[in-house]
Amino acid sequence: MSEKRAEEFERLVRTHQSALYRVAYRLTGNRDDAEDLLTEALTEAWSAFDRFQTEDGFVRWVATIMTHTFLDWKRKANRIDWVSLDNPTPEEDDEGEGGWDIADENADPEAVAMRRQFWRDAQKALDDLPPEFRAAVVLVDMEGLSYEEAAQVLGCPIGTVRSRLHRARAMLRERLKHWLQEP
């Protein structure tokens, strides 16, 4: 690959690294796996970059690679829940893993604590979805892809994307219903 093309790839990665990491984090649910997923997807993207056409679609192109890689990981896993001794669970993590916290100088400490707990519960609910459902939610509801674009990324019909989203949203509503009820 030419030096110019290599510089272009590097520039695109630097420009879009936050969006790419956000997709990886939402898919995996933790920092270490997100970094591994992003690294693997970028390695694959680099090897296929000579076929990449337009700068506008870089995030979607890498997100497609990332989503397929993530689903492959899940298919290959033997349904074993691994616990990292190096990475704290979301309940123990005060760093706001994934950059969920937004500084709000007007918020009182209770509101900040409640918002932090909501996002932990939301990520846990997302993590508990079947991988195909989680991928659909991340792509459409969090990253703003259309149903058509998500269907292309996931390699399935639009109707399947709609069905997965409907079922995933119902599951999320059920898991987060305690946040939706009036006090």
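Right above here is the structure, for reference.
Attention in this report is confined to the structure presented alongside it. (Residues numbered from 1 in each chain as written. Predicted model: local features only at pLDDT ≥ 70, side-chain atom pairs only at ≥ 80, totals over all residues. Heavy atoms only, no water.)

This part is about the environment of aspartate 127. Residue position: aspartate 127 is located in helix α4 (residues 109–127). Considered as a pair, aspartate 127 and glycine 29 are 98 residues apart in the sequence and their alpha carbons are 6.0 Å apart. (Helix = DSSP H or I, 4+ residues; strand = E, 2+ residues; numbered from the N terminus.)

A separate point is the packing of aromatic side chains. Using the criterion set out here, one finds 11 aromatic pairs in the structure. Here phenylalanine 52 and phenylalanine 58 contribute two aromatic rings whose centre-to-centre distance is 5.7 Å and whose plane-to-plane angle is 85 degrees, an arrangement assigned as edge-to-face. Taken as a pair, phenylalanine 52 and phenylalanine 58 share a single burial class, namely buried. Judged by centre distance (5.1 Å) and plane angle (75 degrees), the ring pair of phenylalanine 118 and tryptophan 119 falls under edge-to-face. Among the residues examined, phenylalanine 118 registers a relative accessible area of 26% and is labelled partly exposed. The partly exposed category is assigned to tryptophan 119, whose relative accessible area is 33%. Connected via pairs of aromatic rings, a cluster forms that spans Phe9, Trp46, Phe49, Phe52, Phe58 and Trp61. One cation-aromatic arrangement involves arginine 5 over phenylalanine 49; the distance from NZ or CZ to the ring centre is 4.2 Å. (Phe/Tyr/Trp six-rings, centres within 6.5 Å; stacked < 30°, edge-to-face > 60°. Buried < 20%, exposed > 50% of the residue type's maximum accessible area, 1.4 Å probe, protein only. Lys NZ or Arg CZ within 6 Å of the ring centre and 35° of its normal.)

This part takes up the side chain of threonine 28. Relative to the helices and strands, threonine 28 is located in helix α1 (residues 3–28). Polar contacts involving the side chain of threonine 28 include one to the main-chain amide nitrogen of alanine 34, which spans 3.3 Å. Among all residues touching threonine 28, those that are not within four sequence positions of it are Asp33, Ala34, Leu37, Phe70, Asp127 and Arg134. (Polar contact = N/O pair within 3.5 Å; in protein donor to acceptor, adjacent residues only side chain to side chain. Contact = heavy atoms within 4.5 Å.)

On the surface, Asp32, Asp33, Glu35, Asp36, Glu40 and Glu44 cluster together to form a negatively charged patch. Inspection of the secondary structure assignment puts glutamate 40 in helix α2 (residues 31–47). Take glutamate 40: its relative accessible area is 37%, and that puts it in the partly exposed class. (Patch = residues over 30% accessible without salt bridge, like charges linked within 9 Å, V, L, I, M, F, W, Y side chains within 5 Å. Areas by Shrake-Rupley, 256 points an atom, 1.4 Å probe, with all protein chains shown as cover. Salt bridge = Lys/Arg side-chain N within 4 Å of Asp/Glu carboxyl O. Lys, Arg positive; Asp, Glu negative; His and termini not counted. Charge placed at Lys NZ, Arg CZ, Asp CG, Glu CD.)

A complete count under the given rule lists 8 salt bridges for this structure. The salt bridge involving glutamate 8 is made with arginine 5; its shortest N-O contact spans 2.9 Å. One end of the pair is glutamate 8 and the other is arginine 5, both in helix α1 and 3 residues apart, which spans about a single turn. The closest approach of N and O atoms between arginine 22 and glutamate 143, which form a salt bridge, is 3.1 Å. Residue arginine 22 is found in helix α1, and its partner glutamate 143 is found in the loop between α5 (131–142) and α6 (147–154); the two are separated by 121 residues along the sequence. Overall, arginine 22 belongs to the partly exposed group, its relative accessible area being 36%. Since its relative accessible area comes to 18%, glutamate 143 is described here as buried.

Moving on: helix α7 (residues 158–175). For α7, which comprises 18 residues, the first-to-last C-alpha distance of 25 Å matches the rise-based estimate of 26 Å (1.5 Å per residue) to within 8%. Listed in full, the buried residues belonging to α7 are Val161, Arg164, Leu165, Ala168 and Leu172. Mapping the buried residues of α7 onto a view down its axis gives an arc of 100 degrees, with all of them on the same face. As for α7, its buried residues are in contact with α4, α5 and α6. (Expected span 1.5 Å × (residues − 1). Arc of directions from axis to C-beta.)

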